[in-house]
Amino acid sequence: MSNKIMTDKQTGEKHCRCFKRCGGCQLDEPYKDQLERKQQKADRMLSKFAPVNRILPMEKPYNYRCKVQNIYGLDRSKRIISGVYQSSGQKIVAVDDCFLEDERAAPIVRSVKKLMKDMRIPPYDIRSGRGILRHTLIRTSRSTGQVMLVLVTAGAMLPAKNNLVKAMRAAHPEITTIVQNICPDGMPLTLGERDIVLFGKGYIEDELCGCRFRISPASFYQVNPLQTEKLYSCAVEAAGISEGVRVIDAYCGTGTIGIICAKNGAEVTGVELNKSACRDAHKNAELNGLENIKFCNDDAGKFMQAMASKGEGCDVLIMDPPRAGASREFIGCAGRLAPQKIVYVSCKIETLERDLKAFRREGYKVTYIQPVDMFPHTMGIETVCLLERNGEKNEAH
Ligand SMILES: C[S@@+](CC[C@H](N)C(=O)[O-])C[C@H]1O[C@@H](n2cnc3c(N)ncnc32)[C@H](O)[C@@H]1O
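Residues numbered from 1 in each chain as written. Predicted model: local features only at pLDDT ≥ 70, side-chain atom pairs only at ≥ 80, totals over all residues. Heavy atoms only, no water.

An unreviewed UniProt entry lists the protein chain under the name 23S rRNA (Uracil-5-)-methyltransferase RumA, with Ruminococcus albus 8 as the source organism.

And the structure:
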């Protein structure tokens, strides 16, 4: 069964029949109620630290995702389907259209399915280990119009590769690059180490906050560009960047936040674990003509420990960790580096709450909390917090 999107004629709100089975959305209620639910959660969990500002909403909370991933399989009649794994197992839920995704993605996925059939490219079956195409990743940019298609295969073999690329380009002139990524094993939707560029540059470029960023297949990049501009503006403003301020951008991804700070005159060091993202970060500094920013491909905790043991410091620490939040080691070393300000950008409120408590013990006070709705129709809440140094370590909290 494939899904169908219904639009309420009076309110313009959309509903998807796939809700619950697909797991992509967790909220099927009017957008204003979603915002209220998220506000209440943020208030409940964070108001003990400081007043929580009103969540920054999206004007049109649809089609915001600039990163779209699809798994391929066969239905009972052996027809090729695309979609996502059911939240409760390995069965594929067919999703032909999704109101979270950039509208350019679904027609590309339809063409991939048609060409798989025409060119006899079987979907990879996770149970038997047979087949070729594991999934596709589509990345799009609204600002530059560029589109990347990544075909993730189980092995190096991709039959009729040249014809496939030719046909995809003919059907979708908007695609600016096509990459084959080879992923022999690993969790669903992960990428392998090896990329083969089949067409174009092998990456796309996007613009945010007046800076230009290159994004490779495996690099982290925020999925909602309109809200990301708001998020980054809040973070940079909270950091109070001026000429010569020494900034560490920890968990920096492709260098985005640090690059915006460097453009405003800061002396920035970015640290990022993912090799591909770190390579992009170096290129992004060049792309924006910046010499006052450098990047280190390392674990953020280890990097902070090395800095602390050398007795080095910084004025502002910006940190944007993954959902798991920061490690104890990271927070302890941040306390030893003793920056005047810490800007914490969080994508998971539960780990944010835990880490804010730990920072309080390191002598920091939370002075600003701004939730941003980066992921409408999901439970996700993105938050920017400013912490300011207010004295000695306090073990009592
Ligand atoms: C939420 S993303 C933020 C990236 C960036 N600030 C942005 O807005 O695009 C978190 C980043 O942390 C990186 N990361 C995860 N664990 C890390 C670690 N232990 N040390 C350094 N970076 C890490 C991930 O690869 C990812 O790029």
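Notes on the UniProt feature "active site" (unreviewed entry) in the protein chain
As recorded in UniProt, the sites labelled "active site" (unreviewed entry) are Cys347. Structurally, Cys347 can be placed in the loop between β16 (341-346) and α9 (349-361). Taking relative accessible area as the criterion, Cys347 reaches 19% and is therefore assigned buried. Not counting residues up to four positions away in its chain, the partners in contact with Cys347 are Pro321, Pro322, Arg323, Ile381 and Glu382. (UniProt positions renumbered as here; feature names shortened; annotations may be inferred. Helix = DSSP H or I, 4+ residues; strand = E, 2+ residues; numbered from the N terminus. Buried < 20%, exposed > 50% of the residue type's maximum accessible area, 1.4 Å probe, protein only. Contact = heavy atoms within 4.5 Å.)

Side note on helix α2 (residues 105-118)
Counted at 1.5 Å a residue, the expected span for α2 with its 14 residues is 20 Å, and the 20 Å between its end C-alpha atoms agrees. Those residues of α2 that fall on the buried side of the exposure criterion are Ala105, Ala106, Ile108, Val109, Ser111, Val112, Lys113, Leu115 and Met116. Where the residues of α2 are buried, they touch β3 (67-74), β4 (80-85), β6 (133-140), β7 (147-153) and α3 (161-171). With its phi angle positive at about 55°, Arg120 sits one or two positions after the end of α2. (Expected span 1.5 Å × (residues − 1).)

Details of the pairing of strand β14 (residues 293-297)
Summarising the sheet, strand β13 (residues 267-272) and β14 pair through 5 bridges and their orientation is parallel. From the neighbouring strand, Gly270 faces β14, where its bridge partner is Phe295. Of the crossover connections in this fold, the one passing from β13 over helix α6 (residues 275-287) to the parallel β14 is right-handed. (Pairing = 2+ DSSP bridges. Right-handed = clockwise from strand over helix to strand, strands pointing away.)

Some remarks on the side chain of Gln34
Topologically, Gln34 is positioned in helix α1 (residues 31-46). Contact partners of Gln34, with chain neighbours within four places excluded, come to Leu27, Glu29, Pro376 and His377.

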